[in-house]
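Residue-level listing of the chains:
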Amino acid sequence: MTDSLTGFTVTSATLGALASTEPCAEVTRLVRDIRRSKRLVLLRGVLDAAPGGRAGEAADHWALLEEAERHDPEAVRDVLHYPATGVWAEETLRRLHAPYGPPADLGHLGALAVAAALRSGITFKATLRPVNGRLVLPTLGLLRPARPGPLALTEGCWDPDDPGALLLHALPGGRTALDDLDPYRAPGPAHPGPVRPARRLTPKGHKRWDTQWAGALTLLDRYDTARAEEIGLLLRSVVPLGGGSRSSGATLPAAAGSVLARTQAPPALAATLVHEVQHGKLTALADVVTLHAADRTPRHWAPWRGDPRPLDGLLHGAYAHLALAGYWQRAALYGARGAWAQHARIRAQVAAVLPALHRHPQLTTAGREFTAAMAVAERSMDDLPPPGDQHAVARRAVDRERRAWCARHPELAPFAEG
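Residues numbered from 1 in each chain as written. Predicted model: local features only at pLDDT ≥ 70, side-chain atom pairs only at ≥ 80, totals over all residues. Heavy atoms only, no water.

1. Things to note about the pairing of strand β1 (residues 125–128)
With burial as the criterion, only one face of β1 is covered, namely that bearing Ala126 and Leu128; the residues Lys125 and Thr127 on the opposite face remain uncovered. Across four bridges, β1 lies against strand β4 (residues 151–154) in antiparallel orientation. Looking at β4, one finds that Thr127 is bridged to Ala152. (Buried < 20%, exposed > 50% of the residue type's maximum accessible area, 1.4 Å probe, protein only. Helix = DSSP H or I, 4+ residues; strand = E, 2+ residues; numbered from the N terminus. Pairing = 2+ DSSP bridges.)

The following block contains the structure:
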């Protein structure tokens, strides 16, 4: 396992392909490579920062990972690059460097090693301490030991038919998991946000998700096969959103390859997946290419939200909505009900903010090139316009929304210019 962040070169052609939001093999490969390199740097950081008393234990766990990798590299990569592992690694590194606060969960590195060893099929022995009566085995599920205290583990410790085992739920049609088990499937209380994961679902809840997921994949395959394939390659897990979450979906940078989503009808879920996967692509690009130097001050108008947005949020939103406009256009060409209206509305929203994005003084050269390519992709939709005057009607509606937003935020009106 290499633990250095390799130097990535993003050519103008690749940057343009990314900016278009259209799936392609080169972009998918780049996104996955960036994610993997970043994850290995985080894991190396955890290992190096382990305090003296735990360094030997951490080294033993890492040695078990390396032994498992020699037997089955793909299985070990899946464990290490599982989205929840990223949340754990970032949280653990933060705690290791914080002078106060809760201790770092270095024991989870052992859980990663045991999960990797089990999946690789090697013979091993390890002793781990469950947390709150549970031992998570990432990508597999969790164990609920009958007795408290340290747990001795060997190659025969994982039996999916054991009543003490809870399996990670596999969604139909691919390698994507519905993760309602891993404690690191979303950032914890130290990073509160507008979304939170649901608790463990009932069998009825799992079945409902299976039905909606299968329906969404069917629609994606029918309307936009390339995006369906991209989602299958870039999305490793879906985390059900808990009650009270206003969003239909969210993407967390620490959990690369995961989407938080609420249960919803297949057409809405398909659109949510298209939207959220774009956030993950742009996050990966931003790890190796600086697109802007703006701060996080919320001041910009975004037609898809009522609150002011920082430049980065506006860029992310425009990028994800550009992909949605393309998806709904393809769906409309296949006769999907209401798709032309969705396409016209979302395209008008993106077109309303792209000029301001491209002119922003804090964009880098790469950022200007990126937003220019986004504008080219938006204009190319003219080749297949909606029937009648739907696009003109949508543009007028967006202009009215802009004026209303400026009336509510007069001090920010200069940041809403087209």
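2. Describing helix α7 (residues 203–223)
Helical periodicity: at 3.6 residues per turn, an α-helix aligns residues three or four positions apart in one direction. Taking 1.5 Å per residue as the helical rise, α7 with its 21 residues ought to reach 30 Å, and the 30 Å between its terminal C-alpha atoms agrees with that figure. Among the residues of α7, Gly205, His206, Trp209, Gln212, Trp213, Ala216, Leu217, Leu219, Leu220 and Tyr223 are the ones counted as buried. For α7, the angular spread of buried residues about the axis comes to 160°, placing them on one side. Seen from the open side of α7, the exposed residues pointing more than 90 degrees away from its buried face are Pro203, Lys204, Lys207 and Thr211. (Expected span 1.5 Å × (residues − 1). Arc of directions from axis to C-beta.)

3. Quick look at the sheet that holds strand β5 (residues 165–167)
Strand pairing in a sheet relies on backbone hydrogen bonds, with the paired strands running either antiparallel or parallel. Taken in spatial order, the three strands line up as β2-β3-β5 in an open sheet, and their pairing is antiparallel. The sheet is open, and its two borders are formed by β2 (135–137) and β5, each paired with just one other strand. For this sheet the average axis-to-axis angle between neighbouring strands, irrespective of direction, equals 20°. Sheet analysis places strand β3 (residues 141–143) next to β5, joined by three bridges and oriented antiparallel. When the sheet's bridge partners are listed, Leu142 is paired in β5 with Leu166. (Axes fitted to C-alpha atoms, helices over the stretch in contact; angles between N-to-C directions.)

4. Observations regarding helix α11 (residues 339–359)
For α11, with 21 residues, the first-to-last C-alpha span of 31 Å sits near the 30 Å given by 1.5 Å per residue. Residue Val353 marks the point of greatest curvature in α11, where the axis turns by about 30°; the proline Pro355 follows within four residues. (Bend = angle between axes of the 7 residues up to and from the residue.)

5. Notes on the sheet that holds strand β9 (residues 249–250)
In spatial order, the strands read β6-β7-β8-β10-β9; together these five strands make up an open sheet with mixed pairing. The strands lining the two open edges of the sheet, one partner per strand, are β6 (169–170) and β9. The pairing of strand β7 (residues 177–178) with strand β8 (residues 237–240) spans two bridges and is parallel. Following the sheet pairing, Ala177 is matched in β8 by Ser237.

Just geometry here; none of it tells us what the structure is for.
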